Amino acid sequence: MGSWIFVRRKSLDEILEMIVAWAALESMAAELAAREASDAALARLRKHAMRHSADSARADLSEYSEANIKFHQLILELSGCTLLKTMADGLFLHMHAVRRRAIEEDDRAARSVVDHMSIIEALEARNADAASRLVRDHTMRLHAHVRRTWTELETRRITTGL
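Before going into details, it helps to say that this report is about the structure given with it.

Here we look at the overall build of the protein
At step 1: Regarding its fold elements, the protein presents 7 helices and 0 strands.
At step 2: Sequence separation of 24 or more characterises 84% of the internal contacts of the protein that already satisfy a separation of 6 or more.

So, in structure tokens, the structure goes:
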């Protein structure tokens, strides 16, 4: 006999809470990375980000979405804190779908590229406070976008019966 798997769709409130938790974890990771990551590791992060300019982000959003997710995972890795990475990985399955969907909305890919370069500059300058704040602000812009845009979609879906 086979086993059963139940899939439950996350509510908007649950998604928003996951984004807040991700922001907290990744902002701490950025602070640690600014202090602890090697110059070579930061150079690899920059190289990864440079492969995805604003033009290429618009040209292939699916590819950019994957690169965007990898960027955030790299920051967690650069922190050197295994527990932060493990905790974030627990959210990753859910955040992956959220980030993939949101990056395609409202030209967020172009804004993301700019944010990523600012984050890298703060990391390279070893400015832990700025790196942490920039990562947190970047993720909380995702939170604001999802709260505003997805709430409108849910309201329309309820109103129209779709």
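A look at the environment of R46
At step 1: By secondary structure assignment, the location of R46 is in helix α2 (residues 39-50).
At step 2: R46 sits in the partly exposed class, given a relative accessible area of 24%.
At step 3: Sequence separation between R46 and M117 is 71 residues, and the spatial gap between their C-alpha atoms is 7.8 Å.
At step 4: In contact with R46, other than residues within four places in its own chain, are M117, I120, E121 and E124.

A look at the pattern of salt bridges
At step 1: Under the defined criterion, the tally for this structure stands at 6 salt bridges.
At step 2: We note a salt bridge from E31 to R35, for which the minimum N-O separation is 3.0 Å. Remark: R35 and E31 occur in helix α1 (residues 12-36); sequence separation between them is 4 residues, near one turn of the helix.
At step 3: By relative accessible area, which is 49% here, R35 ends up partly exposed.
At step 4: Residues D115 and R111 are paired through a salt bridge, measuring 2.8 Å at the closest nitrogen-oxygen approach.

A word on the nonpolar core
At step 1: Counting 38 residues, the largest nonpolar core has L45, I75, L123 and V146 as its most contacted members.
At step 2: When contributions to this core are tallied by element, the ones reaching two or more residues are α1, α2, α4 (61-78), α5 (82-103), α6 (108-124) and α7 (128-160).
At step 3: The element that contributes the greatest number of residues to this core is α1, accounting for 10 residues.
At step 4: With near-sequence residues (within four places) excluded, L45 lies in contact with F71, L74, I75, L78, I120 and L123.

A closer look at α6
At step 1: In a regular helix each residue adds 1.5 Å, so 17 residues correspond to 24 Å; α6 covers 24 Å between its end C-alpha atoms and thus fits that length.
At step 2: Most of α6 sits out of view: 12 of its 17 residues are buried.
At step 3: Buried residues of α6: R108, A109, A110, S112, V113, D115, H116, M117, I119, I120, A122 and L123, and no others.
At step 4: One or two residues past the end of α6 sits R126, with phi positive at roughly 60 degrees.

Comments concerning the environment of H145
At step 1: Inspection of the secondary structure assignment puts H145 in helix α7.
At step 2: Relative accessible area serves as the criterion here: at 2%, H145 is assigned to the buried category.
At step 3: It is 9.0 Å that separates the C-alpha atoms of H145 and E105, two residues lying 40 residues apart in sequence.

Topic: unusual backbone geometry
At step 1: Positive phi, close to 60 degrees, is recorded for R126, a residue that is not glycine.
At step 2: Among the secondary structure elements, R126 is positioned in the loop between α6 and α7.

Quick notes on the packing of α2 against α6
At step 1: At a minimum axis distance of 10 Å, the contact between α2 and α6 shows a crossing angle of 165 degrees. Classified by the angle their axes make, α2 and α6 are roughly antiparallel. Considering the relative orientation of α2 and α6, their crossing is left-handed. Facing α2, whose interface residues are L42, L45, R46, A49 and M50, α6 presents M117, I120, E121, L123 and E124.

Scoring rules and cut-offs
- Residues numbered from 1 in each chain as written.
- Predicted model: local features only at pLDDT ≥ 70, side-chain atom pairs only at ≥ 80, totals over all residues.
- Heavy atoms only, no water.
- Helix = DSSP H or I, 4+ residues; strand = E, 2+ residues; numbered from the N terminus.
- Contact = heavy atoms within 4.5 Å.
- Buried < 20%, exposed > 50% of the residue type's maximum accessible area, 1.4 Å probe, protein only.
- Salt bridge = Lys/Arg side-chain N within 4 Å of Asp/Glu carboxyl O.
- Core = buried A, V, L, I, M, F, W, Y, C linked by side-chain atoms within 4.5 Å.
- Expected span 1.5 Å × (residues − 1).
- Axes fitted to C-alpha atoms, helices over the stretch in contact; angles between N-to-C directions.
- Parallel < 35°, antiparallel > 145°, perpendicular 65-115°, else oblique.
- Left-handed = near helix turned anticlockwise from the far one by under 90°.

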